[in-house]
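Letter by letter, the chains look like this.
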Amino acid sequence: MKEGAKTHLETDVLVIGAGGAGMYAAIEAARGGASVIVADRSLIGRGGATIMAQMTVAVALGEQEPDHWEHHYADTLAAGRGLCDPVLARLLCEEGPEVIRELDAWGVGWARQEGGASDRMKQAHAPGHDRPRCVYVDFLNTGPAVSKTLRTRLIRTPEIRRIGDLLVTELAMRDGECVGATALHLSSGAPVTIAAGATIVATGGLTRMYQRNSASANMSGDGYALCLAAGAELVDMEFVQFFPIGHLAPRLIGMDPIMWDPFRYKLGGRLLNGRREEFVQNYGASDDGKYVVTRDRATYAIVKEVEAGRGSPHGGAWLSFEHLPEAELRAAAGPVIDRLAKNGIDLTRQAVEVAPIAHYHMGGVRADAAMATRVPGLFAAGEAVGGANGANRLSGNAITEALVFGRKAGRNAAAHAKKAAASRAAAGAFGDAVDRLRQGSGMPGDNPAAMVEELQAVMQKEVGPFRTGAGLTRALARIDAMGKALPAMKPAAGTAYDTALADWLDLSTMLTVARCVASSALSRTESRGAHQREDFPGMDPAWQKNQVIA
């Protein structure tokens, strides 16, 4: 694409986002006879959350012991604290086995049991599940293996065109229908318009809005902002899941900060406070070294120990495997032990420090069982969809959700595109969006990246794992002040590799979504799942309802 020059493309189905949900959606849409464009701001298949997920995938295969999707469904509803959309939760659990077995046939490499019925997959017992249910690829390789498998399938599908370096800025609308999108080609600075019979938003979550997060750089909530501006609804925006044992210290290079989860429930790592005492049981949750406590309760216990002055030196908790012999550690995860050793970490002789880290968002775009929003032609998939997990996601459901919802969105988007082929000629729907992208009056001294960091600090402090009305009010006031300063800072498009413009676009998205999260959290005057109000402790039956933003 030439620097600054506009490019126009046409396709049956446009998929925005190339993580697990986006890639599966594209593959399924192509199988449905559609031409597909997959657009992502990073390299196709190498961004998003799926590739970073080193842990497990919840699915009722019944390979470890008898199981049924209804048991998985019951555990999902229990974790969601009464707020799960039952239709979406059932879809996730009921169709999960199909997508996992299809990935198995594509060569993902799920870990197998040794000896006897060697064709059976291993299934781990993760927090919140009533039995061993979670499949995985050995040695913390689940997400990378899933992403590689889908990426290989994507590359081998000629009906799919892959375009990286595209930051989608606006969905195109004509007569109330979504007919594609406008994007910025980052490496050339050129506007790109894409007309599509159906559009799927598979852009993941919003956890980049927090200082401490496990997200890739493109998890800024942009899909939520795009869909909201187009007329779709958002649901459950207050529910941000904080992973309780994100790595804190010592320094860890080249490894996922949430890698400790499978270690703990596979090996029984001990959570200790600064006095080297186990403490989770003091906060109304049974743990017993087996890591069966849900994430919201573990987060609460760690934060409260730190507040009480019983935290580890860097402000978290100790995670210790020192009680385990080296042979047992190596048998469970030998290559990982070697990688840790290169970081100067010997688990047989030292504990590591862990602390809560923003990890997943339960809320998102409101969609039905077909993954269709209330906007004709607009679908959503994966973590971009809200409602399935209610107030707290069950461990292992993230990749299952990405795959099931991605496949469903792709199938239905392809069917919609066949009925809406005329929409592809709607080039006139893009003119205003291109003009808005090209216009700008920002000055060289403006620094949207600094404001992004400020917003992350505000969200971490005031809209983090534990909230108060006063803190949320302060957050909203600062979000509004930054929003008022935003328009005058916008650089004009047209320059290759314009990081200031990319930062400005990210900041604009993040401010919109941050306001949705903070305002929803302020309205919900109770504590439920991942939403914890210190000024309103405990669940209130009157609040067993979903908040919707339109």
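Check the entry above for the structure.
If you're wondering where the values come from, they're calculated on a predicted model, not measured in any experiment. (Residues numbered from 1 in each chain as written. Predicted model: local features only at pLDDT ≥ 70, side-chain atom pairs only at ≥ 80, totals over all residues. Heavy atoms only, no water.)

> Outline the pairing of strand E13 (residues 352-361), supporting the account with residue identities and numerical values.
Taken across its 10 residues, E13 has 10 buried, putting it largely inside the fold. Sheet topology places strand E10 (residues 240-249) next to E13; 7 bridges connect them, and they run antiparallel. By the bridge assignment for E13, Gly 246 is matched with Ala 355. Here 3 bridges tie strand E12 (residues 317-320) to E13, and the two strands are oriented antiparallel to one another. Bridged to Trp 318 within E13 is Glu 353. (Buried < 20%, exposed > 50% of the residue type's maximum accessible area, 1.4 Å probe, protein only. Helix = DSSP H or I, 4+ residues; strand = E, 2+ residues; numbered from the N terminus. Pairing = 2+ DSSP bridges.)

> Any chance you could break down the state of the cysteines for me, citing the residues and the numbers?
The tally for this structure, following the rule as stated, stands at 0 disulfides. Looking at the unpaired Cys 93, the closest cysteine sulfur is the one in Cys 84, lying at 8.7 Å. Of the residues examined, Cys 93 reaches a relative accessible area of 1% and is grouped as buried. The thiol of Cys 227 is unpaired, and the distance to the nearest cysteine sulfur, on Cys 178, comes to 8.0 Å. (Disulfide = S-S within 2.5 Å.)

> Give me the lowdown on the nonpolar core, citing residues and values where you can.
Judged by nonpolar contacts, the single largest core of 127 residues is most densely connected at Val 13, Val 36, Ile 100, Trp 110, Tyr 210 and Val 517. Counting residues per element, this core draws most heavily on helix H13 (residues 499-523), which supplies 13 residues. Those residues within four positions of Ile 100 in sequence are excluded, and the remaining contacts are Val 57, Val 59, Leu 61, Trp 110, Met 121, Val 135 and Leu 403. One finds Met 255, Met 259, Ala 317 and Ile 345 within the second-largest nonpolar core, a separate group that totals 34 residues. (Core = buried A, V, L, I, M, F, W, Y, C linked by side-chain atoms within 4.5 Å. Contact = heavy atoms within 4.5 Å.)

> How would you sum up the packing of aromatic side chains? Please name residues and give values.
In the structure shown here, the tally under the stated rule is 6 aromatic pairs. Here Tyr 210 and Phe 242 contribute two aromatic rings whose centre-to-centre distance is 5.3 Å and whose plane-to-plane angle is 85°, an arrangement assigned as edge-to-face. One end of the pair, Tyr 210, is in the loop between strand E8 (190-201) and helix H5 (222-230); the other, Phe 242, is in strand E10, and 32 residues separate them in sequence. Across the pair, Phe 242 and Tyr 210 agree in class, each one buried. The structure contains a cluster of three or more aromatic residues connected by ring pairs, namely Tyr 283, Tyr 300 and Phe 466. (Phe/Tyr/Trp six-rings, centres within 6.5 Å; stacked < 30°, edge-to-face > 60°.)

> Give me the lowdown on unusual backbone geometry, citing residues and values where you can.
The amide bond that connects Ala 249 to the next residue, Pro 250, takes the cis arrangement and shows omega of -5°. Note that Pro 250 resides in the loop between E10 and helix H6 (260-267). Here Asp 236, not a glycine, exhibits a phi torsion of approximately 60°, which is positive. Within the secondary structure, Asp 236 sits in the loop between strand E9 (234-235) and E10. Taking the relative accessible area as the measure of exposure, Asp 236 reaches 0% and is therefore buried. One non-glycine residue with positive phi stands out, namely Arg 276, at about 65°.

> Which residues make up the environment of Thr 149, and what are the values?
Relative to the helices and strands, Thr 149 resides in helix H4 (residues 142-155). Apart from residues no more than four positions distant in its own chain, Thr 149 is found in contact with Leu 103, Trp 106, Gly 107 and Val 108. Separated by 2.8 Å, the side chain of Thr 149 and the backbone oxygen of Ala 145 make a polar contact. (Polar contact = N/O pair within 3.5 Å; in protein donor to acceptor, adjacent residues only side chain to side chain.)

> Could you give an account of the side chain of Thr 11, naming the residues involved and the relevant values?
Structurally, Thr 11 can be placed in strand E1 (residues 7-16). Side-chain polar atoms of Thr 11 contact the backbone oxygen of Ser 35, separated by 3.0 Å. Polar side-chain contacts of Thr 11 include one of 3.4 Å to the backbone nitrogen of Val 36.

> Please set out the environment of Val 434 residue by residue, giving values where relevant.
Here Val 434 lies in helix H10 (residues 431-438). Sequence spacing of Val 434 and Gly 82 is 352 residues, and the spatial spacing of their C-alpha atoms is 43 Å. Those residues in contact with Val 434 that sit more than four places away from it in its chain are Lys 6, Thr 182, Pro 191 and Thr 193.

> Describe the sheet that holds strand E18 (residues 548-549), and please don't skip the residues or the numbers.
Here 3 strands make up an open sheet; going across it, the order is E14-E9-E18 and the pairing antiparallel. Because the sheet does not close on itself, it has two edges, and the strands there are strand E14 (364-365) and E18. The pairing of E9 with E18 spans 2 bridges and is antiparallel. By the bridge assignment for E18, Leu 234 is matched with Ile 549.

> Please give an account of the pairing of E8 that cites residues and values.
A large share of E8 lies buried, amounting to 12 of its 12 residues. Pairing geometry for E1 and E8, over 9 bridges, is parallel. Bridge pairing links Thr 7 to Val 192 in E8. Pairing analysis gives 6 bridges linking strand E7 (residues 177-185) to E8, with the strands arranged antiparallel. The residue of E8 that forms the bridge with Ala 181 is Ile 194.

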